[in-house]
Amino acid sequence: MSSMVLYFSRAGENYVSGAIRNLSKGNTEIVAELIHKWTGAELFPLKPTVPYSFNYSECIEQAKNDQKRDARPELISYPESLAPYNTIYLGYPNYWGTMPMPVFTLLEKFDFSGKVIKPFCTHEGSGMGHSLQDIKRLCPGADVREGLAIQGAKVARAEKEIKRWIEE
């Protein structure tokens, strides 16, 4: 059996260490690529059909409104099947205390029973928020492991932390 990295990430304007910075690659994508490099897990980015704005302020408003509406934004594509994978690394930035709503879309579309889910998130001070509880609620029957929360500004220096978490 093999593993897959399912992740949502967003490039563009992001809040990093107290300032708005333009990122050519989202922090969560950087972590996903490291997990892929060290585990050989297949990478699968989650991309909503209507992307969040490049502009940070607009993006956080869109994300907050999606959460208030309990929206399930449609994704451009979905994995064909999760059957071949026993471990799912699930990555996302912390948006308003949990996962972005496109991740909810994915989790409700598949049955994760019998799968090990290893969640990881990037954040700027809010950690995992209540995303672990949300994953457990959306994926009954899955073995949801301890999550890894990495401050976005520290992603480039988090290799040891990520490796340790993978090996747990």
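The shown structure was predicted, so the numbers you read here are calculated from the model rather than taken from an experiment. (Residues numbered from 1 in each chain as written. Predicted model: local features only at pLDDT ≥ 70, side-chain atom pairs only at ≥ 80, totals over all residues. Heavy atoms only, no water.)

1. Quick notes on the pattern of salt bridges
Here's step 1: In total, this model carries seven salt bridges according to the counting rule given.
Here's step 2: For Glu61, the salt bridge goes to Lys64, with nearest N and O atoms at 3.5 Å. Of the two residues, Glu61 and Lys64 are both situated in helix 2 (residues 56-69); the distance of three residues between them amounts to about one turn of the helix.
Here's step 3: Under the relative-accessibility criterion, Lys64 is labelled partly exposed at 25%.
Here's step 4: In this structure, Arg137 engages Asp134 in a salt bridge whose closest nitrogen and oxygen atoms are separated by 3.1 Å. Of this pair, Arg137 and Asp134 both sit in helix 4 (residues 131-138), three residues apart, which is roughly one turn of that helix. (Salt bridge = Lys/Arg side-chain N within 4 Å of Asp/Glu carboxyl O. Helix = DSSP H or I, 4+ residues; strand = E, 2+ residues; numbered from the N terminus. Buried < 20%, exposed > 50% of the residue type's maximum accessible area, 1.4 Å probe, protein only.)

2. Some words on helix 4
Here's step 1: Burial in helix 4 covers these residues: Ser131, Leu132, Asp134, Ile135 and Leu138. The buried residues of helix 4 occupy one face: seen down the axis, they fall within an arc of 160 degrees. The exposed set on the far side of helix 4, more than 90 degrees from its buried face, consists of Gln133 and Arg137.
Here's step 2: Turning to helix 4, the residues buried within the fold contact strand 5 (85-93), helix 3 (101-109), strand 6 (116-123) and strand 7 (143-144). (Arc of directions from axis to C-beta. Contact = heavy atoms within 4.5 Å.)

3. What about the nonpolar core?
Here's step 1: Residues Leu6, Leu107 and Phe112 are the most contacted members of the largest nonpolar core, which totals 33 residues.
Here's step 2: Every element with two or more residues in this core is listed here: strand 1 (2-7), helix 2, strand 5, helix 3, strand 6 and helix 4.
Here's step 3: When residues of this core are assigned to their parent elements, the largest contribution, five residues, is made by helix 3.
Here's step 4: The contacts of Leu107, once residues within four sequence positions are left out, are Leu90, Met99, Phe112, Ile135, Leu138 and Cys139.
Here's step 5: Counting residues in each nonpolar core, the second largest holds 16 residues, with Val31, Ala32, Phe120 and Trp165 among its members. (Core = buried A, V, L, I, M, F, W, Y, C linked by side-chain atoms within 4.5 Å.)

4. Let's talk about the pairing of strand 8 (residues 148-151)
Here's step 1: The alternating pattern of strand 8 places Leu148 and Ile150 on a buried face and Ala149 and Gln151 on a face that is not buried.
Here's step 2: Sheet analysis places strand 6 next to strand 8, joined by four bridges and oriented parallel. Counterpart to Thr122 in the pairing with strand 8 is Ile150. (Pairing = 2+ DSSP bridges.)

5. Topic: the packing of aromatic side chains
Here's step 1: In the structure shown here, the tally under the stated rule is seven aromatic pairs.
Here's step 2: Relative to Tyr95, the ring of Phe8 has its centre 6.1 Å away and its plane inclined at 85 degrees; by these criteria the two rings are edge-to-face. With Phe8 in the loop between strand 1 and strand 2 (12-16) and Tyr95 in the loop between strand 5 and helix 3, the pair connects residues that are 87 residues apart, well separated along the chain. Each member of the pair, Phe8 as well as Tyr95, is classed as buried.
Here's step 3: Seen in terms of ring centroids, Tyr89 and Trp165 are 5.8 Å apart; in terms of plane orientation they differ by 65 degrees. Their pairing is edge-to-face. Taken as a pair, Tyr89 in strand 5 and Trp165 in helix 5 (residues 159-167) lie far apart in primary sequence, 76 residues in all.
Here's step 4: Using a relative accessible area of 7% as the deciding quantity, one classes Tyr89 as buried.
Here's step 5: By relative accessible area, Trp165 is classed as buried at 3%.
Here's step 6: The residue whose ring lies beneath Lys109 is Tyr78, and the NZ or CZ to ring-centre distance is 4.6 Å.
Here's step 7: The ring of Trp165 is capped by Lys118, whose NZ or CZ atom sits 4.9 Å from the centre of that ring. (Phe/Tyr/Trp six-rings, centres within 6.5 Å; stacked < 30°, edge-to-face > 60°. Lys NZ or Arg CZ within 6 Å of the ring centre and 35° of its normal.)

The values are spatial; any link to function lies outside them.
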